[in-house]
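Structure assessment
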Amino acid sequence: MNRAPARVAALVVALLGFLPIAAWIPGGYANSEYRLFAEEWLTGGALAVGSGVVLAILSRRARGLWWDGAGARLGAWFDRSPVAGSAAVAAAALVVYCAIAVLVFNQRPVLIDEITQVMQARIYAQGRLWLPSSAHPEFTSSLQMVDDGAKVYSQFPPGGPLMLAVGELLGASWLVGPLFGAASVVLFAAILRRAEPGAATRTGALLLFALAPFTAFMAGSHMNHVTSLAWILGAVWCLTRAVDDSGTASRRRWGWALASGFSFGIAATIRQADALAFALPAGLWYLARVRHDRRRWGDAAAAALGVAVPVFAMMWTNLQTTGAPLLSGYEVLWGPEHNLGFHRAPWGLVHTPARGIELLNLYFNELQRYLFEAPLPSLVPAIIALALARKLSGLDRYLLVSAALLCGLYFAYWHDGFFLGPRFLYALLPVMTLWTARFPGAVRDRMGDSLPYRTGVYSCVVAIAVAAAYSIPLRATQYAHVFSVERWDADRAADSAGVRHALVLVRESWESQMVVRMWALGITHSQGEVLYRAIDACRLDQAIAALERDGAVRGERAFRALTPLLADSAKLETARLAPGANVRYQPGAPYTRECIARIEETRRGVLPLSPLLLSRGTNVYARDLHERDSVLVRLHPGRELWLLAPRSPEVQAETRFFRIPLDSVPWAKDSSTGLAKPAP
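So, here's what we can say about the structure. (Residues numbered from 1 in each chain as written. Predicted model: local features only at pLDDT ≥ 70, side-chain atom pairs only at ≥ 80, totals over all residues. Heavy atoms only, no water.)

Here we come to a positive patch on the surface. On the surface, R3, R7, R390 and R446 cluster together into a positively charged patch. Along the chain, R7 turns up in helix 1 (residues 4-18). (Patch = residues over 30% accessible without salt bridge, like charges linked within 9 Å, V, L, I, M, F, W, Y side chains within 5 Å. Areas by Shrake-Rupley, 256 points an atom, 1.4 Å probe, with all protein chains shown as cover. Salt bridge = Lys/Arg side-chain N within 4 Å of Asp/Glu carboxyl O. Lys, Arg positive; Asp, Glu negative; His and termini not counted. Charge placed at Lys NZ, Arg CZ, Asp CG, Glu CD. Helix = DSSP H or I, 4+ residues; strand = E, 2+ residues; numbered from the N terminus.)

Moving on, we come to unusual backbone geometry. Phi is positive for L420, which is not a glycine, with a value near 60 degrees. Of note, L420 is situated in the loop between helix 18 (394-411) and helix 19 (429-437). In this structure, H501 takes a positive phi of about 50 degrees despite not being glycine. On the secondary structure map, H501 appears in the loop between helix 22 (490-497) and strand 4 (503-506).

A separate point is the packing of helix 17 (residues 380-388) against helix 20 (residues 439-447). The axes of two packed helices give the description: the angle between them and the distance between them. Relative orientation of the contacting elements helix 17 and helix 20 amounts to 45 degrees, with a least axis distance of 8 Å. When the axis of helix 17 is compared with that of helix 20, the two are oblique. The two elements helix 17 and helix 20 cross, and the hand of that crossing is left-handed. Counting all contacts with helix 17, which are made through P381, I384, A385 and L388, the residues of helix 20 involved are F439, A442, V443 and R446. Residues of the contact of helix 17 with helix 20, tallied by class, amount to seven nonpolar, no polar and one charged. (Axes fitted to C-alpha atoms, helices over the stretch in contact; angles between N-to-C directions. Parallel < 35°, antiparallel > 145°, perpendicular 65-115°, else oblique. Left-handed = near helix turned anticlockwise from the far one by under 90°. Contact = heavy atoms within 4.5 Å. Nonpolar A, V, L, I, M, F, W, Y, C, P; charged D, E, K, R; others polar.)

Mapping D274 onto the fold places it in helix 13 (residues 272-292). Side chain to side chain, D274 and Y410 meet in a polar contact 2.5 Å long. Those residues within four positions of D274 in sequence are excluded, and the remaining contacts are H225, S228, I232, L406, Y410 and A427. (Polar contact = N/O pair within 3.5 Å; in protein donor to acceptor, adjacent residues only side chain to side chain.)

As a further point, take the sheet that holds strand 3 (residues 151-154). Across the sheet, which stays open at both edges, the three strands sit in the order 1-3-2 with antiparallel pairing between neighbours. The open sheet has two edge strands, strand 1 (131-132) and strand 2 (145-147), and neither has a second partner. As paired elements, strand 1 and strand 3 share two bridges and run antiparallel to each other. Among the inter-strand pairings, L131 is bridged to a residue of strand 3, identified as V152. Together, strand 1, strand 2 and strand 3 form the strand contacts of helix 6 (residues 112-125), whose direction differs from that of strand 3 by roughly 125 degrees. (Pairing = 2+ DSSP bridges.)

Scanning all chains against the criterion turns up one disulfide. The disulfide bridge from C538 ends at C595, spanning 2.1 Å between sulfur atoms. Here C538 and C595 share a disulfide; its torsion about the S-S bond, 85 degrees, makes the bridge right-handed. Highlighted residues: C538 in helix 25 (residues 537-550) and C595 in helix 27 (residues 593-603), separated in sequence by 57 residues. Look at C595 and you get buried, because its relative accessible area is 1%. (Disulfide = S-S within 2.5 Å. Buried < 20%, exposed > 50% of the residue type's maximum accessible area, 1.4 Å probe, protein only.)

Right, dumping it as structure tokens:
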């Protein structure tokens, strides 16, 4: 019975990791890359296993190929000074993470989630919780920033931006991810000394966790998954000390329980679902101890107190920003539809249990590739080790229950969380790498020093070698290419181009312009998402312009005025005008000269504004909204006017500053404001 949780885990991971379940459920998500994944598994697996078989056979004759007991000797050497060894691995990992942050991401946030949290971090670094709203938010609004007309703040819980704020105060927010990633390595090493009796397995698990590509690329980013996992690992380590029965004094256990709860609480201020997945089983573990020893009530109470302190601080922050202690920025921005559960999602789709299964299937399919970037499917060793497990410790059971709960929580979440891999499963990496490291020992315990055992070891060695020499460098190059726009140094480019103390208009896509114009009309983010995804772009543009000219219809009335246009949503098609720029259109619908101009403009290439809002230079970057730009010209008198746009629609097209001379072009009239501007 003790082995049942491990075998159930092996079965579930195998089913979700290998089968195309998403493709079998009609009308939902589909893994368009599954066939490519399957081909990679077959060819990569054949390469690794085939090489492993050959090397295993040769090792019987050429004894120099097989170093019997090498893992045990490495583990014993590491165990001579475990603290120094852990520190050395963490230092090496820190160097790798920093190299990724600098060389791959250019020390910049590249995903909108990162960008938004850095924005909030800068607000915190000023000693504030929020900024006052702008009179014209449409020019600088950003997708995940709440603007309620009085205050501007991010949708994210305060913990993640607070961690980044420390880096902002030091002028290096990009260092926060690598430092917390290295801290996670140290904490995982401490947990392993209590979770795993085998020195070789402990060493292998630590190295796999520290240097796994998924770990490393995420640690080189600004994502809050990294800081959240570090606090969770700190909480788990303190938990192992608090539940230790080896004669630890009650006062010391109370202190460890308090520290454990506090760390879980900090994690909850960063990523609530991840923290809950590990904190709830920990709470049950504390209560289980109380059943056997009533004196353990102090430990449970201390842990609860520890959790309460940061959680109450988060509630106080919510009170100052959203106006209610239990109201998150997510809900203010997207409504209650953003929360966990099977219901209508913010932009219209209905999240069902079937869709939840589809998403988990996608995540585990992706984990097969992104965890180790190896030719061998990444989850195979862990699945085999789980299936062959003989006995589970209390900590093993705790980690498996927490992993299952984490998957259950994201099963009930409607959003597809992919960035650098299936990021919602990032907190599973310590569990997966531990069971991966147990693979050689589990096979040897069952089969001895046999040909299958040696084949398995050699296959893993070949897979690691191929990943290090080929797959990981290729992935790093891919990330640098894909995020070339976001990692671009606008301040340096502007200085080189002689653009200083200027007003720089940024050309975003046509649909992005319409979305922010709807926000300016008081239409909520979720309502705007529903409208722009389901209405012909030209018809929506004309309807928004009519509301802007009227000036009196706002908020819910504006939304109701636009909803009749949803009647033709079934007839829409989507055209890709440029990288990052699509347009929904109804075939055969008439397009005005202005709409055709917006299409041609987008086809020439667009840029996202949000990364430029983090500029530290003297220029003001704002969204180009054509006739409405006259407002900006009046708000920033004396500044030269420039347009920032790519020279072509290609992904890595050169981005250029184009000067717009104010005194050499005719002025056009903005009917919505009565202000004038230079014609484009």
